[in-house]
Amino acid sequence: MLKPALIGSVLEHRGRVIEVSTERLRYANGREHDIDFIRHPGAAAVVALDAADRVCVVRQYRHALRDFLWEIPAGKLDRGEAPEACAVRELAEETGVSARRWSSLGLYVPAPGIFSEIIHLYLARDLEVGAATPDVDEELELKWLPLGEALDLVRRGIWNDGKTALALLRAEHAAEA
């Protein structure tokens, strides 16, 4: 298979974080199709695991769902920011936690049919807990719970955030290695 050729792009909206475009693609069979496409700068998310194998999670309101979600700490990349630097910054801002040991848990691609966002997942170990300094638009509730309990909440369908589920599963594997 060949990748389709981009033959046109119309910027429909430029927001604070995202850009929405309609793009025309020409496929190898000669057919052309329009797709709606959302550009996002990317993000980083962190499984902070303490010496007792407890994970730090935050509960916050997600307006698109009109509900609160428990998630691992995460946030969008600033322009030119390296993903690991974003992970360090977001963990400190949202939870007050810093870590001496970092390892990659790979990537999570939330919605590749329409969304360019890639979330870089990290495992943070050897933690030190300080005071959180969340952004002005963030109201967060913080909780520490055993990794096994967090994974059980994912497996039972109580926690449904994709980046959190995948990162916790990968962290479990990394912790066993």
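Described below are features of the structure shown in this document. (Residues numbered from 1 in each chain as written. Predicted model: local features only at pLDDT ≥ 70, side-chain atom pairs only at ≥ 80, totals over all residues. Heavy atoms only, no water.)

### So, the pattern of salt bridges
This model, assessed by the stated rule, comprises 20 salt bridges. A salt bridge links Glu71 to Arg62, with the shortest nitrogen-to-oxygen separation between them at 2.7 Å. Exposure remark for Glu71: the relative accessible area of 0% places this residue in the buried category. A relative accessible area of 32% places Arg62 in the partly exposed class. As a salt-bridge pair, Arg89 and Glu81 come within 2.7 Å of each other at their nearest N and O atoms. Among the ionic contacts, a cluster of salt bridges with common partners joins Lys76, Asp78, Glu81, Arg89, Glu90 and Glu93. (Salt bridge = Lys/Arg side-chain N within 4 Å of Asp/Glu carboxyl O. Buried < 20%, exposed > 50% of the residue type's maximum accessible area, 1.4 Å probe, protein only.)

### A few points about the environment of Glu138
When you line up the elements, Glu138 lands in the loop between strand E9 (119–129) and strand E10 (141–146). It is 25 Å that separates the C-alpha atoms of Glu138 and Leu151, two residues lying 13 residues apart in sequence. (Helix = DSSP H or I, 4+ residues; strand = E, 2+ residues; numbered from the N terminus.)

### Concerning a nonpolar patch on the surface
On the surface, Leu107, Val109 and Ile118 cluster together to form a nonpolar patch covering roughly 230 Å² of accessible area. The topology assignment puts Leu107 in strand E8 (residues 97–108). When its relative accessible area of 44% is taken as the criterion, Leu107 is described as partly exposed. (Patch = residues over 30% accessible without salt bridge, like charges linked within 9 Å, V, L, I, M, F, W, Y side chains within 5 Å. Areas by Shrake-Rupley, 256 points an atom, 1.4 Å probe, with all protein chains shown as cover.)

### A few points about the sheet that holds E9
If you trace the four strands from one edge of the open sheet to the other, you get E7-E4-E9-E8, paired in mixed fashion. Either end of the sheet is taken by a strand with one partner, and the two such strands are strand E7 (74–76) and E8. Here the average twist between neighbouring strands, direction ignored, is 25°. Bridging between strand E4 (residues 43–48) and E9 involves six bridges; their strand directions are parallel. Its bridge partner being in E9, Ala45 is matched across the sheet by Leu121. (Pairing = 2+ DSSP bridges. Axes fitted to C-alpha atoms, helices over the stretch in contact; angles between N-to-C directions.)

### With respect to the side chain of Glu90
Along the chain, the position of Glu90 falls in helix H1 (residues 83–95). Among the polar contacts listed, one links the side chain of Glu90 to the side chain of Arg89, at a separation of 2.8 Å. (Polar contact = N/O pair within 3.5 Å; in protein donor to acceptor, adjacent residues only side chain to side chain.)

### Looking at helix H2 (residues 147–155)
Taken as a whole, H2 has its buried residues at Leu147, Ala150, Leu151, Leu153 and Val154. Down the axis of H2, the buried side of the element spans an arc of 155°, and every buried residue falls inside it. At the exit of H2 stands Gly157, carrying a positive phi of roughly 80°. (Arc of directions from axis to C-beta.)

Coordinates in, geometry out; function isn't part of it.
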